[in-house]
Amino acid sequence: MSSNYRNFQNSVPWLILFLEAVFIILFYFLFSADEASGSSISYPAFQDVSHMVIFGFGFFLTFLKRYGFSSTGFNLLITVLGVQCSVLIEGLLVFLLRGTNEGSLKRITKAAMTMTAVVISTGAVLGKTNPVQLILMTVVEIIVFRMSRWINNIFLEVPDNISLMHVHLFGAYFGLAVSSRCSEPLPRSEKNASTPKLDLFSMLGTLFLWVFWPSFNSILALNKRNAIYNTYFALAVSAVSAFVLSALTTKDGRFRMTHIHSAVLAGGVAVGYAAHCIEYPWIAMILGLLASVITILGSYCLQRCLNPVLKIHDTSGVHFTFGLPAVLGALAQVVLFVV
């Protein structure tokens, strides 16, 4: 966490207590007991998304030896606060716009999916922010992301299930924007170092994300079977491509876990927009291949060329892990829509 944390230490419990009190009061006024209880989402599907956000991303970011707790403990803290905040914003919009209430399980599932954007952004600023800054970033990002979804739904007429797939794109670039305003961390030997044990935990988070990604892409999809089918094959090809490209791009021909850690998830990110409407699995497989190539090549180009020029320090590489594959997926969705 930031070296200025001692200046904020006494503010953390009071800020959390204040937010929780506000949430409870607003829940009292906005939600009643006679709301619609039916939902197209099952509890096991919600569990998969929750496992991704809590376990997957929590362990995914445990590669810095001084911020293991920041990536797991603070991830849980901002997630539970952010889910409440997201549900309240949805309820407030329903109240102001006189919309239709959704089932409680669907509402909390969409809130958990929204938190994916926040935890991705956290990866870009890990080691440079204190808990107060993380909590404030969470609240601001949820509000801005909901505004972007509202613009997509109303003006661009993007379906709700597609607009939620923007979490990877939005989270990556929102995090980079915040990171550009943060101070540089101390040299790698002091704060940015890792250990084999933490790298193993980080890879465990990657495996959690890989296993549950088909549920994430299909939970709101109209054609769930198509979404699961295509997501799995895109993930499979991106995983195979990650091992191949890692061996080809290293001097000694060995696998680099930094490549595997990032590129195996690229296919799931890229296919998220169009997974439900892709008719042939080979299209999803090509997306997975291209996403893996973009991720590994991006890790070289961005870290060595672009980031120093823009003065951006992307701690966990969210730009090439989530941002660039999401851009590819958005372009693929546009092409498939036009064709």
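Residues numbered from 1 in each chain as written. Predicted model: local features only at pLDDT ≥ 70, side-chain atom pairs only at ≥ 80, totals over all residues. Heavy atoms only, no water.

For the rest of this paragraph, the subject is the packing of aromatic side chains. Applying the stated rule across the entire model yields 16 aromatic pairs. Chaining the aromatic ring pairs together yields one cluster made of Trp210, Tyr229, Tyr232 and Phe233. (Phe/Tyr/Trp six-rings, centres within 6.5 Å; stacked < 30°, edge-to-face > 60°.)

What follows is about the pattern of salt bridges. Enumeration over the complete set of coordinates arrives at four salt bridges. Across the salt bridge formed by Asp160 and Lys110, the nearest N and O atoms sit 2.6 Å from each other. You can see Asp160 sitting in helix α7 (residues 160–163) and its partner Lys110 sitting in helix α5 (residues 104–125), a full 50 residues away along the chain. A residue is classified by how much of its surface remains accessible, and Asp160, at 25% relative accessible area, is partly exposed. Linking Arg149 and Asp160 is a salt bridge whose minimum nitrogen-to-oxygen distance equals 2.5 Å. (Salt bridge = Lys/Arg side-chain N within 4 Å of Asp/Glu carboxyl O. Helix = DSSP H or I, 4+ residues; strand = E, 2+ residues; numbered from the N terminus. Buried < 20%, exposed > 50% of the residue type's maximum accessible area, 1.4 Å probe, protein only.)

Here we come to the environment of Val49. Residue placement: Val49 occurs in helix α3 (residues 43–60). On the accessibility criterion, Val49 (0% relative accessible area) is buried. Along the chain, Val49 and Leu209 lie 160 residues apart, while their C-alpha atoms are 9.3 Å from each other. With residues near it in sequence (within four places) discarded, Val49 still touches Ala112, Met113, Phe216 and Ile219. (Contact = heavy atoms within 4.5 Å.)

Let us now look at the UniProt feature "transmembrane region" (unreviewed entry) in the protein. Per the UniProt record, the feature "transmembrane region" (unreviewed entry) sits at residues 12–31, 43–64, 76–96, 163–179, 200–221, 227–248, 282–306 and 318–338. Between the end C-alpha atoms of residues 76–96 there is a gap of 30 Å, over a span that is 100% helix and 0% strand. Spanning residues 163–179, this segment combines 82% helix with 0% strand, and its end C-alpha atoms are found 24 Å apart. (UniProt positions renumbered as here; feature names shortened; annotations may be inferred.)

Next up on the list: helix α10 (residues 196–218). Taking 1.5 Å as the rise per residue, α10 with 23 residues should run 33 Å; its terminal C-alpha atoms sit 34 Å apart, in good agreement. In α10, a bend of some 50 degrees at Phe212 exceeds every other bend along the element, and Pro214, a proline, comes one to four places later. (Expected span 1.5 Å × (residues − 1). Bend = angle between axes of the 7 residues up to and from the residue.)

Moving on, we come to a nonpolar patch on the surface. On the surface, Leu92, Phe95, Leu96, Leu97, Trp150, Ile151, Ile154, Phe155 and Leu156 cluster together into a nonpolar patch covering about 960 Å² of accessible area. A total of four residues in the nonpolar patch trace back to one element, the largest contributor, which is helix α4 (residues 68–97). Its place among the elements puts Ile151 in helix α6 (residues 131–154). With a relative accessible area of 40%, Ile151 lands in the partly exposed category. (Patch = residues over 30% accessible without salt bridge, like charges linked within 9 Å, V, L, I, M, F, W, Y side chains within 5 Å. Areas by Shrake-Rupley, 256 points an atom, 1.4 Å probe, with all protein chains shown as cover.)

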